[in-house]
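Single-letter residue listing:
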Amino acid sequence: MKIYIGCDHAAIDMKNEISEYLREKSYTVEDLGINTGEKIDYPISAERVARKVVSDKNSLGILICGTGIGMSIASNKVKGIRAAAVSEVYSAKMTRIHNNANIICFGARVIGIETAKMIVDAFLEAEFEDGGRHAARVELISKLEENF
Ligand code: RB5
């Protein structure tokens, strides 16, 4: 599974630390920026990661900004994205299991790096509970997209 990761200028250090952490765990990570000295508006970074995740079925995304909220709002505008902004481990796990979330977002100004690592672990290690009531609900989300 490939991991696409992106951030804005509020979260460069956390993005780098999480990328390194995941590579050490043997995940394939594609860092879509930004890097030290750069600035970017979060919707632009969110779109970059979201489009990669949609086009690569065997992938998940991580988006980090100041709060995680802007990244989730923006990436959820891309068809096929189910992004969740979280600040703790339980929600990170459950949004894979129940919502089949394909992007996790969090805030570098909200949580510390150790919590961020635990969130990422919980998100990546959980699996969608396919084939039952959760699949039907996720299908309803897809139908919402068709009605725009
Ligand atoms: C940037 O200052 C900040 O607004 C952004 O990182 C994010 O928190 C938006 O949701």
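Up top you'll find the structure we're talking about.
Calculation criteria
Residues numbered from 1 in each chain as written. Predicted model: local features only at pLDDT ≥ 70, side-chain atom pairs only at ≥ 80, totals over all residues. Heavy atoms only, no water. Pairing = 2+ DSSP bridges. Helix = DSSP H or I, 4+ residues; strand = E, 2+ residues; numbered from the N terminus. Right-handed = clockwise from strand over helix to strand, strands pointing away. Expected span 1.5 Å × (residues − 1). Buried < 20%, exposed > 50% of the residue type's maximum accessible area, 1.4 Å probe, protein only. Contact = heavy atoms within 4.5 Å. Lys, Arg positive; Asp, Glu negative; His and termini not counted. Salt bridge = Lys/Arg side-chain N within 4 Å of Asp/Glu carboxyl O. Polar contact = N/O pair within 3.5 Å; in protein donor to acceptor, adjacent residues only side chain to side chain. Phe/Tyr/Trp six-rings, centres within 6.5 Å; stacked < 30°, edge-to-face > 60°. Lys NZ or Arg CZ within 6 Å of the ring centre and 35° of its normal. Axes fitted to C-alpha atoms, helices over the stretch in contact; angles between N-to-C directions. Disulfide = S-S within 2.5 Å.

## A few points about the pairing of strand β2 (residues 28-31)
Two strands pair when backbone bridges link them, and strand β1 (residues 2-7) and β2 are joined in this way by four bridges, in the parallel orientation. The residue bridging Ile5 from the neighbouring strand is Asp31, located in β2. Regarding the hand of the β-α-β motif, the stretch spanning β1, helix α1 (residues 12-24) and β2 is right-handed.

## Section: α1
With 13 residues, α1 ought to run about 18 Å at 1.5 Å a step, and its terminal C-alpha atoms sit 18 Å apart, in line with that. Inspection of α1 places Ile12, Met14, Lys15, Ile18, Ser19, Tyr21 and Leu22 among the buried residues, and these make up the whole buried set. Contacts from the buried residues of α1 go to β1, β2, β3 (59-65), β5 (103-107) and α5 (113-125).

## Details of the side chain of Arg82
Turning to its location among the elements, Arg82 is positioned in the loop between α3 (69-75) and β4 (83-85). Here Arg82 occupies a buried position and makes no salt bridge, while the nearest side chain of opposite charge, Glu145, is found at 6.2 Å. Polar side-chain contacts of Arg82 include one of 3.3 Å to the backbone oxygen of Asn99. When sequence neighbours within four positions are dropped, the list of residues in contact with Arg82 reads Asn76, Asn99, Asn100, Ala101, Asn102, Ile103 and Val138.

## Regarding the packing of aromatic side chains
In total, this model carries zero aromatic pairs according to the counting rule given. The residue whose ring lies beneath Arg96 is Phe123, and the NZ or CZ to ring-centre distance is 5.8 Å.

## Quick notes on the environment of Gly70
If you trace the backbone, Gly70 turns up in helix α3. In sequence terms Gly70 and Asp121 are 51 residues apart; their C-alpha atoms lie 22 Å from each other.

## Examining the sheet that holds β1
The sheet built from five strands is open, its strands ordered β2-β1-β3-β5-β4 with parallel pairing. Each having just a single partner strand, β2 and β4 make up the two edges of the open sheet. Direction aside, the axes of adjacent strands within the sheet are offset by 20° on average. Alignment of β3 against β5, held across five bridges, turns out to be parallel. Counterpart to Gly61 in the pairing with β5 is Ile103.

## What to know about the state of the cysteines
Under the definition given, this model contains zero disulfides. A disulfide-free cysteine, Cys7 has its sulfur positioned 9.5 Å from the sulfur of Cys65, the nearest such atom. This cysteine, Cys65, is not joined by any disulfide, and Cys105 carries the nearest cysteine sulfur, 7.2 Å off. Accessibility expressed as a relative area gives 3% for Cys65, which makes it buried.

No statement about biological role is implied by the geometric values presented.
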